[in-house]
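Observations on the model geometry
Read off the chains here:
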Amino acid sequence: MNETSPAPAAPAPAPRKTAASGAPAPAPGAAAPRTTGRRIAELLQRQGVLVVLLTVVIVASCIYPTTFSTLDNARGVTVQASFLAVVALGMTMVIITGGIDLSVGSVFALGGVLAAWASQWGVLPALLVPLVVCGAIGLLNGFLVARAGMAPFIVTLATLLGARGLLLAITDEGATTYLVPKDSAFAEIGQGAVRGFGYPIFIALALFGLGGLLLQRTSFGQSIFAVGGSSDAATLMGLPVARTKMLVYTLSGLLAGLAGALNAARLSSGVTIVGVGMELDAISAVVIGGTLLIGGAGSISGTLWGVLLLQVIQNLINQIGSLNSSYQSVVSGGFLIVVVVAQRYLARSRRTT
């Protein structure tokens with residue numbers, strides 16, 4: 001009876017060598033921990049602000065259960081956040097391309113004055129006039145940045161001053177305040193509500209939904225990320241770099257003007273002193289939300305959480321009572337420093353994993 005002998009053991013495979021260095025390549029399973037670390041760093045960069053927001057809300061609800069954690073307070077916080085959120089949405093797209101828009105605060109105020117002035121002729125002029133003028137300012141920003149090659153900081157600083165000057169010229173140095181007719185449909189847009197939650201909240205949420213789809217599901221959105229990652233590489237890929245930059249600055253102007261119009265509808269007047277420093281709040285919300293100032297990375301949802309975090313902090317300061325609103329700037333600045341340091345650490349972790 002014949003017996004089959006066991007097959008000889010296969011020789012151990014020789015270590016693979018990389019083409020660049022000749023060093024043995026890591027085993028297939030060795031890359032898993034590094035991939036996991038990179039994913040954790042990316043998740044913290046995108047959604048870390050949501051964890052902070054939930055923590056602040058939970059702690060504040062425990063400390064001030066009868067004032068902070070009420071439905072009326074939630075309605076007030078969210079409707080106040082809606083105007084900044086619309087402005088920050090446009091700022092997010094600009095920063096992802098590696099730019100900056102310092103003009104949004106003045107454009108916001110200008111949009112409100114123009115909307116209140118045009119509301120005497122109906123709801124359509126009240127919306128179209130600020131959109132056309134503010135969109136033109138955004139287009140001018142984009143043209144000077146993309147076509148003329150000027151620095152975004154200088155360009156938008158100039159239009160910040162120009163928009164504020166135009167605002168003062170329209171209102172006779174602030175002496176004239178245009179009022180929105182009380183029973184107009186335009187006023188209803190800003191003052192109407194569904195179960196106590198104002199229409200501006202739903203408008204802001206709808207715009208954020210559209211913005212998310214634009215960034216994640218369209219070629220234009222992918223171009224925004226590519227331009228922010230490297231304009232030279234995007235040009236070599238055949239992407240319309242100049243057109244992309246012009247469009248994002250135009251969108252920023254349009255959204256800032258729309259936010260100003262909504263604010264005018266809610267206040268029933270074109271207030272001339274609003275929007276001062278709003279550009280810094282918008283930038284803070286965007287950066288706190290995980291969008292890199294150097295461009296190429298960011299998320300719409302992170303910006304929304306960043307806006308809500310800033311508004312919750314402001315509301316919490318008001319709840320304390322012994323602190324005034326100036327402390328919001330201190331807290332916001334502290335958050336911004338922490339987030340920027342964390343972003344640098346996370347970016348370094350992603351490169352080394």
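Each residue is numbered by its place in its chain's sequence as written, counting from 1. Reporting of local features is limited, given that this is a predicted model, to residues whose pLDDT is at least 70; pairs of side-chain atoms are given and counted only at 80 or more, and all residues count toward the totals for whole chains, interfaces and linings. In computing side-chain properties, one takes all heavy atoms of the structure into account and sets aside hydrogens as well as water.

This part takes up the overall build of the protein. What counts as a helix is a DSSP run of H or I of at least four residues, what counts as a strand is a run of E of at least two, and both are numbered from the N terminus. Regarding its fold elements, the protein presents 13 helices and two strands. Burial classes follow relative accessibility: with a 1.4 Å probe on protein chains only, a residue under 20% of its type's maximum area counts as buried, one over 50% as exposed, and anything between as partly exposed. Going through the 353 residues of the protein one by one, you find that 43% of them count as buried. A fraction of 75% describes how many contacts in the protein between residues 6 or more apart in sequence connect residues 24 or more apart. Surface accessibility follows the Shrake-Rupley procedure with a 1.4 Å probe radius. Residue values consider only the protein chains on display as shielding. Surface accessibility of the protein: about 17900 Å² in total, with carbon and sulfur atoms responsible for 66%. Should any heavy atoms of two residues lie within 4.5 Å, those residues are considered in contact.

So, about empty space enclosed by the protein. One water molecule sets the probe size; rolling that probe over the atoms shows where empty space is left. Here a cavity denotes a set of grid points, spaced 1 Å apart and computed over the protein atoms alone, in which a 1.4 Å probe fits but from which it cannot get out, and a pocket denotes an open set meeting protein on both sides within 12 Å along at least five of seven lines; residues with an atom within 4 Å of a point are reported as lining. Grid points are joined across faces, edges and corners, and a volume is the space filled by probe spheres set on the points. Summed over all chains, the structure comprises one cavity of 30 Å³ or more. Space inside the largest cavity adds up to approximately 30 Å³. Taken together, Phe-108, Ala-109, Gly-112, Gly-260, Asn-263, Ala-264, Ser-269, Gly-270, Val-271 and Val-274 make up the lining of the largest cavity. Residue assignment for the lining of the largest cavity shows that the elements contributing at least two residues are α3 (104–118) and α10 (241–267). Here the term charged refers only to Asp, Glu, Lys and Arg, the term nonpolar to Ala, Val, Leu, Ile, Met, Phe, Trp, Tyr, Cys and Pro, and the term polar to all other amino acids, Gly among them. Its residues assigned to classes, the lining of the largest cavity comprises five nonpolar, five polar and no charged.

If you want to describe how two helices pack, look at the angle between their axes and the distance between the axes. Angular values range over 0 to 180 degrees, each being the angle between N-to-C directions of two axes fitted as lines to C-alpha atoms, with helices fitted over their stretch in contact. Following both chains from N to C, one finds helix α4 (residues 123–146) and helix α5 (residues 152–170) inclined at 155°, their axes separated by 9 Å at the closest point. Viewed along their axes, α4 and α5 adopt a mutual orientation that is roughly antiparallel. The two elements α4 and α5 cross, and the hand of that crossing is right-handed. Between α4 and α5, the contacting residues are Ile-137, Leu-140, Asn-141, Leu-144 and Val-145 on the first element and Pro-152, Val-155, Thr-156, Thr-159 and Ala-163 on the second. Looking at the contact of α4 with α5 residue by residue, the classes come out as seven nonpolar, three polar and no charged. Comment on the angle field: the value is read as roughly parallel under 35 degrees, roughly antiparallel over 145, roughly perpendicular from 65 to 115, and oblique elsewhere. Each crossing gets its handedness from the near helix: less than a right angle anticlockwise from the far helix is left-handed, clockwise is right-handed.

With that out of the way, let us pick up the side chain of Ser-106. Structurally, Ser-106 is set in helix α3. A relative accessible area of 3% places Ser-106 in the buried class. Not counting chain neighbours up to four residues away, the residues in contact with Ser-106 comprise Leu-160, Ala-163, Arg-164 and Gly-275.

On to helix α8 (residues 219–229), then. Each α-helix winds once per 3.6 residues, and so residues spaced three or four apart point in a common direction. Three or more residues of α8 are buried, namely Phe-220, Gly-221, Ser-223, Ile-224, Phe-225, Val-227 and Gly-228. Contacts from the buried residues of α8 go to α2 (71–96), α7 (199–217), α9 (231–236) and α10.

Taking 1.5 Å of rise per residue, the 19 residues of α7 would be expected to cover 27 Å, and the 27 Å separating its terminal C-alpha atoms lies within 8% of that figure. All buried positions along α7 are accounted for by Pro-200, Ile-201, Ala-204, Leu-207, Phe-208, Gly-211 and Leu-215. Here the buried residues of α7 occupy an arc of 130° about the axis, which is enough to place them on one side. Along α7, the residues that are exposed and aim more than 90 degrees away from the buried face are Leu-210 and Arg-217. On its buried side, α7 packs onto α2, α6 (185–191), β2 (197–198), α8, α10 and α12 (300–320). Every helix has an expected span of 1.5 Å times one less than the residues it contains. Directions are taken from the helix axis to each C-beta atom, and the arc is the one they span.

Further remarks concern the packing of α4 against α10. At a minimum axis separation of 7 Å, α4 and α10 run at an interaxial angle of 150°. In terms of orientation, α4 lies roughly antiparallel with respect to α10. By crossing handedness, the relation of α4 to α10 is classed as right-handed. Residue classes in the contact of α4 with α10 are distributed as 15 nonpolar, seven polar and one charged.

Time to look at the packing of aromatic side chains. Note on ring pairs: Phe, Tyr and Trp rings are taken, using the six-membered ring of Trp, and paired if centres are within 6.5 Å. Classes follow the plane angle, with under 30 degrees stacked, over 60 edge-to-face and the rest tilted. A full pass over the atoms with the stated rule returns one aromatic pair. Ring centres 5.1 Å apart and planes at 80° place the aromatic pair Trp-117 and Trp-121 in the edge-to-face group. What makes Trp-117 partly exposed here is its relative accessible area of 33%. Exposure remark for Trp-121: the relative accessible area of 54% places this residue in the exposed category. Across the ring face of Phe-197, the terminal group of Arg-75 is positioned such that the distance to the ring centre comes to 5.5 Å. Here, a charge over a ring means that NZ of Lys or CZ of Arg falls within 6 Å of the ring centre while also lying within 35 degrees of the ring normal.

Moving on, we get to the nonpolar core. What is meant by a nonpolar core is a set of buried Ala, Val, Leu, Ile, Met, Phe, Trp, Tyr and Cys residues, joined one to another through side-chain atoms within 4.5 Å. Counting residues in hydrophobic clusters, the biggest one holds 65 residues, and the most contacted among them are Val-87, Leu-89, Met-91, Val-248, Ile-283, Val-307 and Leu-309. At 14 residues, α2 tops the list of elements feeding residues into this core. Apart from the residues within four sequence positions on either side, Val-87 is in contact with Val-104, Phe-108, Ala-256, Ala-259, Met-278 and Ala-282.

Our next topic: the confidence of the model for the protein. Taken as a whole, the protein shows an average pLDDT of 82; of its residues, 80% reach a score of 70 or greater. Considering only residues more than four positions removed or in separate chains, one finds that residues 1–32, a stretch of pLDDT under 50, has 12 contacts. A score between 0 and 100, pLDDT records how confident the predictor is in each residue.

Side chains carrying opposite charge are able to pair once their charged atoms draw close together. For this document, the term salt bridge refers to a Lys or Arg side-chain nitrogen within 4 Å of an Asp or Glu carboxyl oxygen. Summed over the entire model, instances satisfying the criterion amount to one salt bridge. Here Arg-75 makes a salt bridge to Asp-72, at a shortest N to O gap of 3.1 Å. Here Asp-72 and Arg-75 lie together in helix α2, a separation of three residues that amounts to about one turn. Under the relative-accessibility criterion, Arg-75 is labelled partly exposed at 22%. In this structure Asp-72 comes out as exposed when scored by relative accessible area, which is 58%.

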